[in-house]
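An overview of the molecular structure
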Amino acid sequence: MGQVSIELTHDQNDFELNRHFFVDELYNSFESKWVEIINKFEGKFLNEGYIIAPPNGVSVDTSSFSTLDDGKPNFDRAVCMFLERVVDGGFDFSTGQEGFPEEFYYDLYRLLSYYYELNDLDDYNQPVSDEIHKKINDQLEKDLEYHNNEWWSFFCGNATVNGENGYYSLGINFTPKGFILSNDYYDEDSDEYW
């Protein structure tokens, strides 16, 4: 396996605490349930108000960790693991990692669904209506059952593989089961994709 360098920028992965009490409660439950996974990110799972990739982006490199998971926190490895739960499409290269459990992505998707629904409320303590709960639950059921083009465009970015003369342009969409990935390869000399 060649070394892979991935640059991710934000798309629709913003997430800030202290916007609504219910979202904060959901995040605390999420964090407690998935503490072992979140600890792998070395304190950067929430990164400047975004999930993993803040506005200035992040760079990860597979050369910063061994192929076998030693269980120690390593941001680069954690991001690679995060991206490896693929439900459609895929990378034309490998980071050598396995994704997190599917339930982790479902819980995060549900959390973000509430965040986006409640984000514009003026009152931090405003109760969550039954209509909002129903709307989110109905959408989650639909999103679990059908793969359509309405997923969140979560990250975009580029990847380079050591030894190749070009780069992959990445599109990473978030679903409640993991990611739909697309990548196009651009030759360094021609900028034509394959």
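Residues numbered from 1 in each chain as written. Predicted model: local features only at pLDDT ≥ 70, side-chain atom pairs only at ≥ 80, totals over all residues. Heavy atoms only, no water.

Considering the arrangement of structural elements, one finds aspartate 14 in the loop between strand S1 (4-10) and helix H1 (21-33). For aspartate 14 and tyrosine 115, which are 101 residues apart along the polypeptide, the C-alpha to C-alpha distance reads 9.3 Å. The contact partners of aspartate 14, leaving out residues within four places of it in the chain, are Gly49, Tyr50, Leu112, Tyr115 and Tyr116. (Helix = DSSP H or I, 4+ residues; strand = E, 2+ residues; numbered from the N terminus. Contact = heavy atoms within 4.5 Å.)

Here we come to unusual backbone geometry. The phi dihedral of asparagine 18 is positive, around 65 degrees, even though this residue is not glycine. Within the fold, asparagine 18 resides in the loop between S1 and H1. The exposure class assigned to asparagine 18 is exposed, which follows from its relative accessible area of 63%. Backbone geometry places isoleucine 52, a non-glycine residue, at a positive phi of 65 degrees. Tracing the chain through its elements places isoleucine 52 in the loop between helix H2 (35-39) and strand S2 (58-61). (Buried < 20%, exposed > 50% of the residue type's maximum accessible area, 1.4 Å probe, protein only.)

Once that is clear, we can look at the packing of H1 against helix H4 (residues 102-118). One can describe the packing of H1 onto H4 by two numbers: an axis separation of 9 Å at closest approach and a directional angle of 165 degrees. With respect to their mutual orientation, H1 and H4 come out roughly antiparallel. Both H1 and H4 take part in a crossing whose hand is left-handed. Each of Phe22, Val23, Leu26, Tyr27, Phe30 and Lys33 in H1 lies in contact with H4, whose residues at this interface are Glu103, Phe104, Asp107, Leu108, Arg110, Leu111, Tyr114, Tyr115 and Leu118. In the contact of H1 with H4, the residues fall into eleven nonpolar, no polar and four charged. (Axes fitted to C-alpha atoms, helices over the stretch in contact; angles between N-to-C directions. Parallel < 35°, antiparallel > 145°, perpendicular 65-115°, else oblique. Left-handed = near helix turned anticlockwise from the far one by under 90°. Nonpolar A, V, L, I, M, F, W, Y, C, P; charged D, E, K, R; others polar.)

All told, the structure shown has six salt bridges when counted by the stated rule. Two residues, glutamate 16 and arginine 19, come together in a salt bridge whose shortest N-O distance is 3.4 Å. Taken together, the shared-partner salt bridges in this structure form one network comprising Lys33, Glu103 and Asp107. (Salt bridge = Lys/Arg side-chain N within 4 Å of Asp/Glu carboxyl O.)

One open sheet holds the six strands; their spatial order is S2-S1-S4-S5-S6-S3, and the pairing between them is mixed. The two strands at the open ends of the sheet, each matched to only one other strand, are S2 and strand S3 (86-89). Across the sheet, the mean angle from the axis of one strand to that of its neighbour is 25 degrees, orientation sign disregarded. Where strand S5 (residues 166-175) meets strand S6 (residues 178-187), ten bridges bridge the pair, whose relative direction is antiparallel. Along S6, the bridge assignment pairs tyrosine 167 with tyrosine 186. Strand contacts of helix H3 (residues 75-83): S1, S2, S3, strand S4 (152-161), S5 and S6, with the helix running at about 95 degrees to S2, the strand carrying the most contacts. Against the sheet, H4 engages S4, S5 and S6, with an angle of about 75 degrees to S5. (Pairing = 2+ DSSP bridges.)

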